[in-house]
Amino acid sequence: MAMLKDCPNFKVHDDYYTSKKAWENINHLIPKDKIIWEACMLNSHKSKSPEYLTDLGNEVVYDTTYDILKDQPENYDMIITNPPFDTNIKKQIFKRLVELDKPFIIIINTMNTFTKYIRDIFKGNLNDLQIITPDTKILFNKLENGELIKTKPPSFYCIYLCYKMKLTPEQLWL
């Protein structure tokens with residue numbers, strides 16, 4: 001992930017984590033009778049995403065040794081996660097999500113919705129996709145020197161991409 005303010009010293013920094021506020025925004029849309037798999041936790045020992053989701057009253061399973069591309073827990077009902085920003089990894093994760101065919105809510109950059117690869121990957125399932133639009137930018141925490149620090153708003157907007165959630169039109173605008 002990158003911030004435009006960093007130009008001309010542009011560096012990609014991939015160690016960003018989901019803030020609790022990002023999950024608080026949609027907590028009212030998460031069915032409390034479902035087991036959530038926080039699926040993008042591979043080697044994310046500093047991520048507090050499962051803790052945040054649990055604090056919000058959800059039952060969460062996760063494993064920092066699981067690679068979403070090949071592993072999955074035995075028992076879960078839906079996926080809630082923030083996949084890596086890297087496009088090539090994200091494409092693979094999208095394909096895996098279609099293969100798993102479980103309801104999900106994931107955070108992605110809005111620009112992803114304009115890509116051909118989203119249409120190609122979800123081709124037969126486009127009617128099952130919905131977008132929850134937040135009322136402000138989603139904030140992230142940055143890992144620096146082993147500590148998570150709050151960041152300023154990013155230079156891009158994110159949305160919550162949903163699959164098979166069957167949300168009402170009123171629920172799609174936070």
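Now for a quick tour of the structure. Since the model is a prediction, treat every value here as computed from it, not as a measurement.

**With respect to the overall build of the protein**
Within the protein, the secondary structure is distributed over four helices and nine strands. Reading the protein from its N terminus to its C terminus gives the helix and strand order β-α-β-α-β-β-α-β-α-β-β-β-β. Scaling as 2.2 N^0.38, a compact globule of 174 residues should have a C-alpha radius of gyration of about 16 Å, and the protein matches this with 16 Å. Counting only C-alpha atoms, the protein reaches 45 × 35 × 35 Å along its principal axes. Looking at the 174 residues of the protein, the share that counts as buried comes to 47%. A separation threshold of at least 6 residues defines the contact pool for the protein, and within that pool the share at least 24 residues apart is 73%. In the form shown here, the protein has an accessible surface area of approximately 9,700 Å², with 50% of it arising from carbon and sulfur atoms. Side chains of the protein give 23 positive and 23 negative charges; the mean places of these two sets differ by 6 Å.

**Some details on the pairing of strand β4 (residues 78-81)**
Judged by which residues are buried, β4 turns out to be covered on both faces: Met-78 and Ile-80 on one side and Ile-79 and Thr-81 on the other are all buried. With two bridges joining them, strand β2 (residues 35-37) and β4 adopt parallel strand pairing. Across the sheet, Trp-37 pairs through a bridge with Ile-79, a residue of β4. In the sheet, β4 pairs with strand β5 (residues 104-109) via three bridges, with the strands oriented parallel. Looking across to β5, one finds that Ile-79 is bridged to Phe-104. Once the chain exits β4 it traverses helix α3 (residues 87-100) before rejoining the sheet at β5, and the crossover so formed is right-handed.

**Points about the pattern of salt bridges**
For the structure on display, the rule yields five salt bridges. In this structure, the salt-bridge partner of Arg-96 is Glu-99, at a minimum N-O distance of 2.6 Å. Placement of the pair is Arg-96 and Glu-99 together in helix α3, with a separation of three residues, close to one helical turn. Take Glu-99: its relative accessible area is 58%, and that puts it in the exposed class.

Parameters at a glance
- Residues numbered from 1 in each chain as written.
- Predicted model: local features only at pLDDT ≥ 70, side-chain atom pairs only at ≥ 80, totals over all residues.
- Heavy atoms only, no water.
- Helix = DSSP H or I, 4+ residues; strand = E, 2+ residues; numbered from the N terminus.
- Rg over C-alpha atoms; globule rule 2.2 N^0.38 Å.
- Buried < 20%, exposed > 50% of the residue type's maximum accessible area, 1.4 Å probe, protein only.
- Contact = heavy atoms within 4.5 Å.
- Areas by Shrake-Rupley, 256 points an atom, 1.4 Å probe, with all protein chains shown as cover.
- Lys, Arg positive; Asp, Glu negative; His and termini not counted.
- Charge placed at Lys NZ, Arg CZ, Asp CG, Glu CD.
- Pairing = 2+ DSSP bridges.
- Right-handed = clockwise from strand over helix to strand, strands pointing away.
- Salt bridge = Lys/Arg side-chain N within 4 Å of Asp/Glu carboxyl O.

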